[in-house]
Amino acid sequence: MKWKFYWREALNNLWLSKLRSILAIIGILVGSAAVVTLVSIGEMAKYKALSEFKTLGMNLASLVVNQNMDFNAGIDLTRTLIPDYNYAQSMLTLATKVANIQEVAPVATLSLPAYYAGKKLEAPIIATTYSYQTLANLQIQEGRFLHRLDRNNYFCVVGSDIANQLKNNGSNSIIGKELQLGNAYFTVIGSIKPWIGNAFISNNVNGSVFISLAAAHNFAPNLYIDTTLLQLKPDSDPDQIETDVKNFLAAKFPGLEVTVKTGKQLIVSMTHQKNVFTWMLGLIGGIALLVGGIGIMNVMLVSVTERRREIGIRLAIGARRADIQIMFLCEAIILATIGGVTGIIISLFITRIVAEFLTWEFMFSGSAVLIGFFVSLFTGIFFGIYPAYQASKLNPIDVLRAE
Amino acid sequence: MSLIKLDHIVKTYQVGHEKRDVLKDLCLTIKEGSLVAIIGASGSGKTTLMNIIGLLDQPTLGEYQLRGQSFHNLNADDLARIRNQEIGFVFQFFYLLPRLNALENVMLPLQYQNIDPKLAQEKALHWLEKMGLTHVAQQKPQQLSGGQQQRVAIARALVTNPSLILADEPTGALDSKTSDDILNLFISLHAHTQKTIIIITHNPQIAEQCHRIIQLQDGEIIRDEERQK
């Protein structure tokens, strides 16, 4: 019964100090909107990254040879195998030697100058096999990708950015155009549609020129296999495959150390990273909320100072100290709740606009709403306690005498 | 039966490095149902005495008993509860809450008693009616005249049915006509309810209307006169 009275009194008091109440609410509102919006954006970013990766990379694994680099002595060739063309040939047998591997694509990046019609192209050259198309989920814009039978042919396929550069120089079709890569000439047989990226594949597909590994070996014998992409069969155990691959390589190349990264591991690490990102954003919002809380405290302290006589009268006619504390706390809680809820509603619109703008799937994180609401409420209570305590400490005689 | 008993009360204030006795070894007994005036010049100690009798302040030395109960070991909340139930205050400047209307101001002491709001409203309306203020029940204090405000304050003091009414210069902020009305109201209230009413005033004409006059000077009682009415 008494609580009804407390809440009604608090609402009445806030209503009678509208401007001050609105200012306090704005402080909390901005903080709450910041927390909920930033956490929701973090969640959307995480979902976006993971969903892309899950469609493209869940069954992928990558294999990189560890280099035992001793920077004082240089590369210890006695202990280290250079992952060259022969190594790549061995890797290509993995699909038949290790269970549950569907496709293998060794990848070497060549740092050779590329020219078209005498003009230099800023394009890394990626030497790989036809399987790369499947592994990276490349969509063909024009012509075709490298084929199993292209092995020694001097054919190349270009990413969308390179294709655009070739088009700028003349005709619409780029098929049949000649690119000079190092000292060799390659014929363009296809172009790739703009590639949206894949957290598993670090190559800049859109800005690269693709040639077959065998052709690369012919004119650049010292090619270096940066990484080998593997496609695993669905529902296979990535950990088991990692063990099998390592055993296979240990038998083939004793002393070779490799690192195998699977999609599963990457998802775990991506989830972790994105969670850290989300928490960082939440923390930034939390700082805004803290400022809002300090705003509430200031407004409440001003209110206590202004209402000293009222407090004195209430104490004189029988209010307990707790009654005064609760009265001010109720006001702080109401301000924080209105600010928190309004902030959540505003953040709903902001998140929606951001999602539209970035063409992300709109998601409004339930946990963000709960965090936003309860942190606002907690902020209100926390920053309302001190002014409430100050109010209840007043001595009715001093206050009434001073007034 | 004595309602109030003050036994060798001393109240000392520290003013800078100097200690100042505002009440000096004051002994006083007030019977239940009395209408008492406490008079004295400014600084004579009458407001300090009222604060002690009203449990708003504690004496430095001596013992104060209200209805035989002393208050040495009570905390601020216990004192607030006793003030709420036993004592009604009427102040010179009314001290109504400007945010609340007349009815809500009268209901306020009952709200701290945790009683049903409907019952509280009934009681408040009853006292407003007795004060002839039913028609202004929904108005805020600033919309009322000084006399109306003081009558609202008297209704607020009476709504909890206290045994003691303490009025500190209740006519000090009113014109002479309204002062007479308020004074008559106290006299009439006393006649009808037989409540103990203590009026603190510096106006001898008001004091003349009371049954007992206690005059203070420099913290001491210099006159204590029972009058037959």
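Bear in mind the structure is a predicted one, so any value in this text is a computation, not a measurement.

Each value, and the rule that gives it
- Residues numbered from 1 in each chain as written.
- Chains lettered and ligands numbered in written order.
- Predicted model: local features only at pLDDT ≥ 70, side-chain atom pairs only at ≥ 80, totals over all residues.
- Heavy atoms only, no water.
- Pairing = 2+ DSSP bridges.
- Helix = DSSP H or I, 4+ residues; strand = E, 2+ residues; numbered from the N terminus.
- Contact = heavy atoms within 4.5 Å.
- Axes fitted to C-alpha atoms, helices over the stretch in contact; angles between N-to-C directions.
- Salt bridge = Lys/Arg side-chain N within 4 Å of Asp/Glu carboxyl O.
- Domains from an automatic or database assignment.
- Phe/Tyr/Trp six-rings, centres within 6.5 Å; stacked < 30°, edge-to-face > 60°.
- Buried < 20%, exposed > 50% of the residue type's maximum accessible area, 1.4 Å probe, protein only.
- Lys NZ or Arg CZ within 6 Å of the ring centre and 35° of its normal.
- Expected span 1.5 Å × (residues − 1).
- Polar contact = N/O pair within 3.5 Å; in protein donor to acceptor, adjacent residues only side chain to side chain.
- Parallel < 35°, antiparallel > 145°, perpendicular 65-115°, else oblique.
- Left-handed = near helix turned anticlockwise from the far one by under 90°.
- Nonpolar A, V, L, I, M, F, W, Y, C, P; charged D, E, K, R; others polar.
- Core = buried A, V, L, I, M, F, W, Y, C linked by side-chain atoms within 4.5 Å.

Remarks on the sheet that holds strand β1 (residues 2-15) of chain B
All names here are of chain B. On the basis of which strands lie adjacent, the open sheet formed by four strands has the order β2-β1-β4-β5 and antiparallel pairing. Two strands lie at the open edges of the sheet, namely β2 (18-31) and β5 (69-70), each paired on one side alone. With five bridges connecting them, β1 and strand β4 (residues 61-66) associate as antiparallel partners. Within β4, the residue paired with Ile 4 across the bridge is Leu 66. Along the sheet, helix α1 (residues 46-53) contacts β1, β2 and β4; its crossing angle with β1, the most-contacted strand, is approximately 125°.

Points about the pattern of salt bridges
Inspection of the entire model under this criterion finds 19 salt bridges over all chains. Between Arg 144 of chain A and Asp 150 of chain A there is a salt bridge whose closest N-O contact spans 2.6 Å. Across the pair Glu 225 of chain B and Arg 223 of chain B runs a salt bridge whose closest N-O atoms are separated by 2.7 Å. Overlapping salt bridges bring together Glu 9, Arg 307, Glu 310, Arg 314 and Glu 331 of chain A together with Arg 99 of chain B as one network.

Points about the domain arrangement of chain A
Assigned domains within chain A: domain 1 (2-54 + 269-402) and domain 2 (67-256). When each unit is reduced to the centre of its C-alpha atoms, the spacing between domain 1 of chain A and domain 2 of chain A is 55 Å.

A look at the packing of aromatic side chains
One pass over the full model with this rule turns up 16 aromatic pairs over all chains. The interplanar angle of 85° and the centroid separation of 5.5 Å between the aromatic rings of Phe 5 of chain A and Tyr 112 of chain B together place this pair among those described as edge-to-face. With Phe 5 of chain A in helix α1 (residues 2-16) and Tyr 112 of chain B in the loop between α3 (102-111) and α4 (117-130), this pair bridges two chains. For the pair formed by Phe 5 of chain A and Tyr 112 of chain B, the shared burial category is buried. Here the aromatic residues Trp 3, Phe 5, Tyr 6 and Trp 7 of chain A together with Tyr 112 of chain B are joined through ring pairs into a cluster of three or more. Across from the ring centre of Trp 15 of chain A, 4.5 Å away, lies the NZ or CZ of Lys 18 of chain A, which sits over that ring.

Side note on helix α6 (residues 176-193) of chain B
Residues and elements named next belong to chain B. Relative to the 26 Å expected for 18 residues at 1.5 Å per residue, α6 spans 25 Å between its end C-alpha atoms, a close match to the ideal helical length. Taking the backbone nitrogen of Lys 177 as reference, a side-chain oxygen 3.1 Å away marks Asp 175 as the first, capping residue of α6. In the segment just after α6, Gln 194 is the residue with positive phi, at about 55°.

A look at the environment of Val 39 of chain A
Residue and element names in this part refer to chain A. Counting through the fold element by element, Val 39 comes out in helix α2 (residues 18-57). Separated by 347 residues in the primary sequence, Val 39 and Tyr 386 have C-alpha atoms spaced 29 Å apart. When near neighbours in sequence (up to four residues on either side) are disregarded, Val 39 contacts Thr 278, Gly 282 and Ala 368.

A few points about the sheet that holds strand β10 (residues 220-226) of chain B
All names here are of chain B. Read across the sheet, six strands follow the order β6-β7-β8-β3-β9-β10 without closing on themselves; strand pairing throughout is mixed. Two strands bound the open sheet, and with one partner strand each, they are β6 (87-90) and β10. Averaged over all pairs of adjacent strands, the angle between their axes in this sheet comes to 15°, without regard to strand direction. Judged from the four bridges that link them, β6 and strand β7 (residues 164-168) form a sheet pairing that is parallel. In the strand pairing of β7, Val 90 is matched with Ala 167. Sheet strands in contact with helix α2 (residues 76-86) are β6 and β7, and its direction is about 80° off that of β6.

Examining the pairing of strand β1 (residues 60-65) of chain A
All names here are of chain A. Counted residue by residue, β1 has five buried out of six residues, so it is predominantly covered. Sheet topology places β1 next to strand β13 (residues 225-232); four bridges connect them, and they run antiparallel. Looking at the pairing, Leu 60 lines up with Gln 231 of β13.

Considering the packing of α1 of chain A against helix α11 (residues 321-358) of chain A
Residue and element names in this part refer to chain A. One can describe the packing of α1 onto α11 by two numbers: an axis separation of 9 Å at closest approach and a directional angle of 60°. Considered as vectors, α1 and α11 are oriented oblique to each other. For the element pair α1 and α11, the recorded crossing hand is right-handed. Contacts between α1 and α11 involve Lys 2, Trp 3, Tyr 6, Trp 7, Glu 9, Ala 10, Leu 11, Asn 13 and Leu 14 from the first element and Asp 323, Ile 326, Met 327, Cys 330, Glu 331, Ile 333, Ile 334 and Leu 335 from the second. In terms of residue class, the contact of α1 with α11 is built from twelve nonpolar, one polar and four charged.

Digging into the nonpolar core
Formed by 74 residues in total, the largest nonpolar core has its most connected members in Ile 4, Leu 6 and Tyr 64 of chain B. At ten residues, the largest contribution of residues to this core is made by α11 of chain A.

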